[in-house]
There are 2 protein chains.
Amino acid sequence: MGRAVSVDDEQIHARLGEVFRANGYAGASLSALSEAVGLQRASLYHRFPTGKHAMATAVLTSVEARLRQALEPLTSDLDVADAVAEMCTRLAGDYRDGRLSCVLDTMTLTGAPDDIRAQAGRLAQYWIEAMAAAAVRAGATEAEAARRARAALVRIEGALVVARALNDPSVFDQMLAELPGLLAA
Amino acid sequence: MGRAVSVDDEQIHARLGEVFRANGYAGASLSALSEAVGLQRASLYHRFPTGKHAMATAVLTSVEARLRQALEPLTSDLDVADAVAEMCTRLAGDYRDGRLSCVLDTMTLTGAPDDIRAQAGRLAQYWIEAMAAAAVRAGATEAEAARRARAALVRIEGALVVARALNDPSVFDQMLAELPGLLAA
DNA sequence: GTCTATATTTGGATAGAC
DNA sequence: GTCTATCCAAATATAGAC
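One structure accompanies this document, and this report is about it. Here the residue numbers are simple positions, counted from 1 along each chain's written sequence. Each chain takes a letter, starting from A, and each ligand takes a number, starting from 1, following the order in which they are written. In keeping with the predicted nature of the model, local features appear solely for residues at pLDDT of at least 70, side-chain atom pairs appear and are counted solely at 80 or more, and the whole-chain, interface and lining totals rest on all residues. Calculation of side-chain values draws on the structure's entire complement of heavy atoms; hydrogens and water are dropped beforehand.

**Section: helix α2 (residues 30-37) of chain A**
Residue and element names in this part refer to chain A. Buried residues of α2: L30, L33, S34 and V37, and no others. Across the axial projection of α2, the buried residues extend over an arc of 100 degrees, all falling on one side. Whether two residues are in contact is decided by their heavy atoms, any of which lying within 4.5 Å being enough. A run of H or I in DSSP becomes a helix once it reaches four residues, and a run of E becomes a strand once it reaches two; helices and strands are each numbered from the N terminus. Buried positions along α2 lie against α1 (9-27), α3 (41-47) and α4 (52-71). Directly beyond the C-terminal end of α2, a positive phi value near 90 degrees is found at G38. Under the scheme applied here, a residue whose accessible area is under 20% of the maximum for its type counts as buried, over 50% as exposed, and between as partly exposed, the area being computed with a 1.4 Å probe on protein chains only. Each C-beta atom gives one direction from the helix axis, and the arc is the one those directions make.

Written out as structure tokens, the structure reads:
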């Protein structure tokens, strides 16, 4: 048996994620990633042989898992507005009440490899579809549900940007309060 | 008299701006900035003695001037909904119909110097105040106008992020169509 | 005012000891 | 599995010729 790992994968992905989310792909230096994880740069290359690219892929996969958990209430038998409210509660945690940026924003800038940006794009698509399904369950037509779901993602991403620009995280929580009404009108 | 300039300041600021907006502060390399402007790196340092930081400051100042132009209809004697529609037309041009990102998003990531982020924050504040004034003119209370104005900026920034993530610029133009109704309800 | 050339630091990545 | 040491490329910035 080899040497025991000093940090488990889940924690590594979470800490890498914070650096990528805050700095973007290009801005996330190996030094910053290394320091956040608590491993030397060379040790990170042992876990991620293809380097920064593999780290970003792992982060997006980990983000996808968190997103699935946040969206899980939407497929429950809860009242739709309540289900959306529960999604919002989980999102508030994932985004530290508006203090953390979203990978859909910061990892889709020019400078990120194309496949990373494509992977982020699929996340956005998946998220919209899940919210649209909830809107349909609330009685909306397919077209109206798609419109509302896209509007919801627009507000989520926009609130995170504005919260960051104004240095006022409360913008995010206030926006979340409007989402049940938007999706389950 | 010295040698004539080969590129005027306005064009330089516009081209630097495109690079900063697409790549963020950290991702905007001197090489990329130099190539976009059509001057060697050393020539950029002649125009901007303190380097990248001065370029970013100049870009934000230039963006502020463009923003003032876009917001100018809001202080005209037009019907408020028409004024907002005119603002939207101008914004569509500034953001190339959703194909260009916003400095409030990409220049506020960790990695940008604090004063650059603060300058961007003041831009956001100014923008919100101008839209709130329009909402007041449309009959909203101060509190309601502030709420609508912030919601409008949230949607603008969010639509740009989602358009980029989905690689679908039309998200931006579709969002713009909703702004007159939002601000001048 | 712009250029070529260069200094210096940081970034991404690898080799090999333990 | 993690580390120190190192390589190479790219990034920021400067010097000095024209």
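Okay, back to it.
**Here we look at the packing of α1 of chain A against α2 of chain A**
All names here are of chain A. To get an axis, a line is fitted to the C-alpha atoms, and for a helix only the part in contact is used. The angle between two axes follows their N-to-C directions and goes from 0 to 180 degrees. Axis separation between α1 and α2 bottoms out at 9 Å; the angle between their running directions is 140 degrees. Comparing the axis directions of α1 and α2 gives the class oblique. Here the hand of the crossing between α1 and α2 comes out right-handed. Across the interface between the two elements, I12, R15, L16, V19 and F20 from α1 touch A32, L33, A36 and V37 from α2. Think of it as three bins: nonpolar holds Ala, Val, Leu, Ile, Met, Phe, Trp, Tyr, Cys and Pro, charged holds Asp, Glu, Lys and Arg, and polar takes everything else, Gly as well. Here the contact of α1 with α2 is built from residues that sort into eight nonpolar, no polar and one charged. Should an angle fall under 35 degrees it is called roughly parallel, over 145 degrees roughly antiparallel, and 65 to 115 degrees roughly perpendicular, with every other angle called oblique. Crossings are classed by handedness, with left-handed meaning an anticlockwise turn of the near helix from the far one by less than a right angle and right-handed meaning a clockwise turn.

**Remarks on the nonpolar core**
When a protein is soluble and globular, its nonpolar side chains tend to lie buried together. Side-chain atoms within 4.5 Å link the members of a nonpolar core, which is a set of buried Ala, Val, Leu, Ile, Met, Phe, Trp, Tyr and Cys residues. One finds M87, W127 and L179 of chain A together with M87, W127 and L179 of chain B to be the most contacted residues of the largest nonpolar core, which totals 135 residues. It is helix α8 (residues 142-166) of chain A that contributes the most residues to this core, 13 residues altogether.

**Re the protein's contact with DNA strand D**
Around DNA strand D sit 20 residues in total, of which S6, S43 and H46 of chain A together with L30 and Y45 of chain B are the nearest. Throughout, near means a residue has at least one heavy atom within 4 Å of the molecule or strand. For DNA strand D, the fraction of atoms within 4 Å of the protein that belong to sugar or phosphate moieties is 62%. In this structure, a phosphate oxygen belonging to DNA strand D sits 2.5 Å away from a main-chain N or O atom of L30 of chain B. Under this definition, polar contacts are N or O atom pairs within 3.5 Å; protein pairs additionally need one hydrogen-donor-capable and one acceptor-capable atom, and for neighbouring residues in sequence, both atoms have to be side-chain atoms. One of the side-chain nitrogen or oxygen atoms of Y45 of chain B is found 2.8 Å away from a phosphate oxygen of DNA strand D. Elements that contribute at least two residues to the surface near DNA strand D include exactly α3 of chain A together with α2 (30-37) and α3 (41-47) of chain B. Per element, the largest residue contribution to the surface near DNA strand D is four residues, and it comes from α3 of chain A. Here the residues of the surface near DNA strand D sort into eight nonpolar, seven polar and five charged.

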